[in-house]
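The residues making up each chain are set out below.
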Amino acid sequence: MCGITGYIGYRKAYPIIIQGLQRLEYRGYDSAGIVLYDGKDINLSKTKGKVSDLQAKIKNDISVKGNIGFGHTRWATHGVPNHINSHPHLSQSKNLVIVHNGIIENYDTLKKELVSRGYHFHSDTDTEVLINLIEEIKTQEKCKLGKAVQLALNQVIGAYAILVFDKKKPDELIVAKLGSPIAMGIGKNNKEFFIASDATPFIEYTKDAIYLEDGEMAIVKLDREIRIYKINDDQLVKDPKIEQLELSLEQIEKGGFDHFMLKEIYEQPNAIIDTYRGRLLPDESIIKMSGIDDNIERFLNAKRIIIVACGTSWHAGLVAEYLFEDIARIPVEVEYGSEFRYRNPIITENDIVIAISQSGETADTLAAVKLAKSQGAFVYGVCNVVGSSIAREVHAGTYTHAGPEIGVASTKAFTTQITVLALLALKLGKKKGHISAPNFQVYLQELIQIPKKIKLLLEKDEHIKKIAAIYKEVPNFLYLGRGYNFPVALEGALKLKEISYIHAEGYPAAEMKHGPIALIDDNMPVVVIATRQGHYEKVVSNIQEIKSRHGKIIGIVSEGDSVVKGIADHIIEVPETLEAFTPLLTTIPLQLLSYHIAVMRDCNVDQPRNLAKAVTVE
Ligand code: M6R
């Protein structure tokens, strides 16, 4: 998965492309490259490293003149991240150039064929194979670039979003998509066009965007128009839908915070309000969710809910398992998208499959959605990114409306996903008669209080920072929780390992004695979620067991707790709430703890090593 962005118009392309790449770095950042056409020559520069490394290199490298060009920020799939494997890639004649996000699965077969026809390859990438395949077809068929791209893509197995330029036809860019996202911004009077993996690179220039659908190719003509064709049969797509972007520049900038992650942690009170706004209506004692209302019979008749997701979204799915079983009394199974798609699962028409994904682009979750659909299940999406692939693929769904999440570590995505899933469970619980009207009101009133309670928790940031300073050098961490807070323990551990590179594990508290307790010594910090609601006494016993083996306890406790306070080395108090909503609070101190530890260890919090925001490859 990578970020690609391009420009064709009357402005200087270079600053637009560089800024666009910086905004897309969340998609990958192990190497970067750019190509610009100055009216005569193709100028190409690329390097291992980040966009800032590319900028430094370009200064002594190439002319940055030109109104046409594109760039790429990479997360390596084929070939190690180095300058040679970075994109863009030139064809053998050096007339054609390409950037690509995705994977060409049959690249080896295609490469052998091209080698037999005299092609030489410089990189280990599948992308260099594709650009030479396009060149070979263009030469053999004596056709236009668009036609050659189309014919080449019909030979390709895999996923792609590509941008292609031909020096001999310098007034157009070719864009194509299958499986990887691509958006095209339309400038005023069709005088300029922007192309990017998402709309963030061009939001200050235009709000009009077309999202290419899978299997479509666009010919973007300077000063003229965008024409879209089906890749498999050349059919022109008439009146493609122009969407109005709701993103603002402010939303994708740091707004005074040192890192996007911290900004996003602090955005959670408002993000949750945005999630339930217009849906949670306490005065009318209802929860309005059109995706459910329009399909209510399917939900009421569902024999089972299967949740598919990856990473943090999978943890939100685990919280939802408790919510749906507890409140709506519907059996739930929670699956990793990557496992579900390959294990011949039993799916029936009475199943509802809920796909949870912040980006809406996670390849494994998307594949699980397609599989479930093909076997007759009703598929519901809980996504953040509007118009994303999963959001488009599902039968119905609810957006979390968390706003753009740029930090690679998911924070507000998690709490807003839980908010949507709680609304869903409450709505179904009420419809199915498992919650009384007064009890339903209690839930609604309490959910409305959550943003205020998160704000109170954020005021404990300095206290959490002091705890972080004590443990910033340890090699391992354990996180324990029970019931609704077991998934929070998993999420706390994931947050810490992904941004600070400290090894961390999450466990159900009672499982300690079945093995992990052997790890406890005086150098092992254990974060224990021990709120008053939910197996409190049992968790307190687990804390005693750790303490008696000299482990260091960081207790996440309810306000006013005195029992854990007497045993733990540190406590972080969270406001009281209903047990079902505790994950919305207990997760906040864990996010802050990992954030501060990572900053103190001098880690790149927003762009941790080896990771990318949206995992659009298997
Ligand atoms: O966009 P998605 O929610 O589908 O992404 C799923 C995971 O890749 C994601 O949650 C990942 O685990 C995050 N880095 C966790 O912070």
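Residues numbered from 1 in each chain as written. Predicted model: local features only at pLDDT ≥ 70, side-chain atom pairs only at ≥ 80, totals over all residues. Heavy atoms only, no water.

**Let's talk about the overall build of the chain**
The condition is simple: Numbering of helices and strands runs from the N terminus; a helix is a DSSP stretch of H or I covering at least four residues, while a strand is a stretch of E covering at least two. Our radius of gyration looks at C-alpha atoms and nothing else; its globule reference is 2.2 Å times the residue count to the power 0.38. Relative accessible area decides the class of each residue, using a 1.4 Å probe on protein chains only: under 20% of the type maximum gives buried, over 50% gives exposed, and in between gives partly exposed. All accessible areas in this document rest on Shrake-Rupley with a 1.4 Å probe, and a residue is counted as covered only by the protein chains that are shown. Working convention for charge: Lys and Arg count positive, Asp and Glu count negative, and His plus the chain ends are omitted. Where a charge lies is defined by one atom per residue type: Lys uses NZ, Arg uses CZ, Asp uses CG and Glu uses CD.
Counting its regular elements, the chain contains 20 helices and 26 strands. At 26 Å, the chain has a C-alpha radius of gyration in line with the 25 Å of a compact globule built from 618 residues. Projected onto its principal axes, the C-alpha coordinates of the chain cover approximately 80 × 55 × 45 Å. Here the chain, with 618 residues, has 61% of them falling under the buried criterion. Roughly 23,700 Å² of accessible area belongs to the chain as shown, and the carbon and sulfur atoms make up 49% of that amount. The average position of the 72 basic charges and that of the 77 acidic charges among the side chains of the chain differ by 3 Å.

**A short note on unusual backbone geometry**
Residue H87 is joined to P88 through a cis peptide bond whose omega torsion reads 0 degrees. Structurally, P88 can be placed in the loop between β4 (68-74) and β5 (89-90). Located in the positive-phi region is H401, a residue other than glycine, with phi close to 55 degrees.

**Concerning the site of the ligand**
Under the convention used in this document: Being near a molecule or strand, for a residue, means having at least one of its heavy atoms within 4 Å of it. Counting of polar contacts relies on pairs of N or O atoms within 3.5 Å, with two restrictions inside protein: one atom must be capable of donating a hydrogen and the other of accepting it, and residues adjacent in sequence are counted only when both atoms are side-chain atoms. Cavity and pocket criteria rest on a 1 Å grid covering protein atoms alone: a 1.4 Å probe that fits but cannot get out defines a cavity, protein on both sides within 12 Å along at least 5 of 7 lines defines an open pocket, and an atom within 4 Å of a point defines a lining residue. For this analysis, a molecule is said to be in a pocket or cavity if more than half of its atoms are within 2 Å of the grid points defining it. Amino acids are sorted into nonpolar (Ala, Val, Leu, Ile, Met, Phe, Trp, Tyr, Cys and Pro), charged (Asp, Glu, Lys and Arg) and polar (every other residue, Gly among them). Annotation comment: domain bounds sourced from an automatic or database domain assignment.
Around the ligand sit 15 residues, and of these S313, S357, S359, T362 and E498 come closest. At a separation of 2.5 Å, an oxygen atom of the ligand approaches a polar side-chain atom of S313. Here an oxygen atom of the ligand and a backbone polar atom of Q358 are 2.7 Å apart. In isolation the ligand has 410 Å² of accessible area, and contact with the protein removes 93% of it. When atom positions are compared with the pocket grids, the ligand is found to occupy the second largest pocket. Where the shell around the ligand is concerned, the elements lending two or more residues are α10 (311-328) and α17 (486-500). When grouped by side-chain class, the residues that make up the shell around the ligand number five nonpolar, eight polar and two charged. Both of domain 2 (261-455) and domain 3 (460-607) provide at least three residues apiece to the shell around the ligand.

**Some remarks on the domain arrangement of the chain**
For clarity, the cut-off: Should any heavy atoms of two residues lie within 4.5 Å, those residues are considered in contact. By buried area we mean how much accessible surface two parts lose on assembly, using a 1.4 Å probe and totalling the loss over both. When a carboxyl oxygen of Asp or Glu is within 4 Å of a side-chain nitrogen of Lys or Arg, the pair counts as a salt bridge.
Its domain assignment divides the chain into domain 1 (3-249), domain 2 (261-455) and domain 3 (460-607). Here the C-alpha centre of domain 3 lies 25 Å away from the C-alpha centre of domain 2. Contacts between the two partners involve 34 residues from domain 2 and, on the opposite side, 28 residues from domain 3. In total, about 2,700 Å² of surface goes out of reach between domain 2 and domain 3, with carbon and sulfur atoms giving 74% of it. Sorting the residues of domain 2 by area buried against domain 3 places M261, H315 and Y322 first, and these three jointly supply 21% of that buried surface. At the junction of domain 2 with domain 3, the criterion picks out zero salt bridges. Those elements giving two or more residues to the side of domain 2 that touches domain 3 turn out to be α6 (260-266), α7 (268-276), α10, α14 (412-431) and α15 (437-458). In terms of residue count, the dominant contributor to the side of domain 2 that touches domain 3 is α10 (10 residues).

**Points about the pairing of strand β11 (residues 208-211)**
Note the following rule: Two strands are counted as paired when DSSP detects at least two bridges linking them.
Two strands pair when backbone bridges link them, and strand β9 (residues 183-186) and β11 are joined in this way by three bridges, in the antiparallel orientation. Across the sheet, M184 pairs through a bridge with I210, a residue of β11. Where β11 and strand β14 (residues 243-244) come together, two bridges link them in antiparallel fashion. Looking at the pairing, D208 lines up with Q244 of β14.

**Topic: the pattern of salt bridges**
Evaluated as defined, the whole model comprises 31 salt bridges. Residue D41 pairs with K40 through a salt bridge whose shortest N-O separation is 3.7 Å. A salt bridge links K169 to D171, with the shortest nitrogen-to-oxygen separation between them at 3.3 Å. It is possible to trace a salt-bridge network through shared partners that takes in E213, K241, E243 and R392.

**Quick look at helix α18 (residues 536-547)**
The condition is simple: Expected helix span is taken as 1.5 Å per residue step, with the number of steps being one fewer than the number of residues. As used here, the arc is the angular range of directions from the helix axis to the C-beta atoms.
With 12 residues, α18 should reach 16 Å at 1.5 Å per residue; the first-to-last C-alpha distance of 16 Å fits that figure. Those residues of α18 that fall on the buried side of the exposure criterion are Y536, V539, V540, N542, I543 and I546. All buried residues of α18 fall inside an arc of 155 degrees around its axis, so they share one side. Of the exposed residues in α18, those oriented more than 90 degrees away from the buried face are E537 and K538. Tucked inside the fold, the buried residues of α18 contact β22 (476-481), β24 (525-530), β25 (552-558) and α19 (563-567).

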